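Descriptive structure summary
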Amino acid sequence: MLFPPPGLEPLATVTVDLAPPLDFGPGPDGHHRTVPITGGTVDGPALSGRVLPGGADWQRVLPDGTVFVEARYTLELSGALVGLVSTGVRTGPPEVLAALARGEDVDPAEYYFRVTLRATTADPRYRWLTTSVLIGRAERTANQVRYDLHRLL
């Protein structure tokens, strides 16, 4: 091993409010849908503010229920706009994924939901986000995605 494993700096808990999915149907590479983002909150030791409405999560769902996500949305932090692109995967046992698909509450320890994020901003107070590796561990509820956002050290 060349280096010790990197640490994590907790930044915030991000709660993203979601509208019902728009279903495109099955394609050759999976079932496609888009989930509109209607708002949300950012609350933590390094960042606080809100998720602005207007973004969306473009999803590809495999036959076993695994979901690949690619969400694009905007945060407002102390008057600054920060764009986020979040990509990740949600997978687990078929019965757990089926319960999530029905909008049921499921203990996040029963499935794997991880995201990586890229940030962009013109505001110098948050430019450090654009040159950081950002990751999150997420959970899905009927109308929200919530994740703990961390900066990889």
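Residues numbered from 1 in each chain as written. Predicted model: local features only at pLDDT ≥ 70, side-chain atom pairs only at ≥ 80, totals over all residues. Heavy atoms only, no water.

Per an unreviewed UniProt entry, the chain is named UPF0311 protein SAMN05421835_12768, and its organism is Amycolatopsis sacchari.

**Description of the pairing of strand β6 (residues 67-77)**
This is how the line gets drawn: Whether a residue is buried, partly exposed or exposed follows from its accessible area with a 1.4 Å probe, protein chains only, as a fraction of its type maximum: under 20%, in between, or over 50%, in that order. Numbering of helices and strands starts at the N terminus; helices are DSSP runs of H or I of at least 4 residues and strands are runs of E of at least 2. One requirement defines pairing of two strands: DSSP has to find at least two bridges between them.
Of the two faces of β6, only the one carrying V67, V69, A71, Y73, L75 and L77 is buried; F68, E70, R72, T74 and E76 on the other face are not. By the bridge criterion, two bridges tie strand β4 (residues 48-51) to β6 in an arrangement that is antiparallel. Of the residues in β6, the one forming a bridge with V51 is L75. Here six bridges tie strand β5 (residues 56-61) to β6, and the two strands are oriented antiparallel to one another. Following the sheet pairing, W58 is matched in β6 by E70. Where β5 hands over to β6, the hairpin turn is made up of five residues, of which G65 adopts a positive phi near 95°. As judged from the 11 bridges shared by β6 and strand β7 (residues 80-91), these two strands associate in the antiparallel manner. Paired with Y73 across the strands is L84, a residue of β7.

**Side note on the nonpolar core**
Burial of nonpolar side chains together is a common tendency in soluble globular proteins. For the record, the criterion: Residues grouped as a nonpolar core are buried Ala, Val, Leu, Ile, Met, Phe, Trp, Tyr and Cys residues, joined through side-chain atoms within 4.5 Å. Only heavy atoms matter for contacts: two residues are in contact if any of them lie within 4.5 Å across the pair.
Within the largest apolar cluster, 37 residues are counted, with the highest numbers of intra-cluster contacts made by L47, Y73 and Y147. Elements that contribute at least two residues to this core include exactly β1 (8-18), β3 (30-43), β6, β7, α1 (94-101), β8 (112-120), β9 (134-140) and β10 (144-152). With six residues, the top contributor of residues to this core is β6. In this structure, Y73 is in contact with V16, I37, V51, G55, V82, G83, L84, S86, L117 and Y147, ignoring residues within four places of it in sequence.

**Some details on the packing of aromatic side chains**
Let me state the cut-off plainly: Pairing of aromatic side chains requires ring centres within 6.5 Å, counting the rings of Phe and Tyr and the six-membered ring of Trp. Pairs whose planes differ by under 30 degrees are stacked, by over 60 edge-to-face, and all others tilted.
Under the counting rule described, the total for this entry stands at one aromatic pair. Note on F24 and W58: the rings are 5.8 Å apart at their centroids and 40° apart in plane angle, and the pair reads as tilted. Here F24, found in strand β2 (residues 22-27), pairs with W58, found in strand β5; they are 34 residues apart in sequence, far enough to count as distant. You can call F24 exposed: its relative accessible area is 54%.

**A word on the pairing of β1**
Judged from the nine bridges that link them, β1 and β10 form a sheet pairing that is antiparallel. Opposite V14, over in β10, you have Y147 as the bridge partner. The pairing of β1 with β3 spans six bridges and is classified as antiparallel. Paired with T15 across the strands is T41, a residue of β3.

**What about the pattern of salt bridges?**
Spelled out, the test is: A pairing counts as a salt bridge when a side-chain nitrogen of Lys or Arg comes within 4 Å of a carboxyl oxygen of Asp or Glu.
Evaluated as defined, the whole model comprises six salt bridges. The partner of R72 in a salt bridge is E70, and the shortest N-O contact between them spans 3.4 Å.

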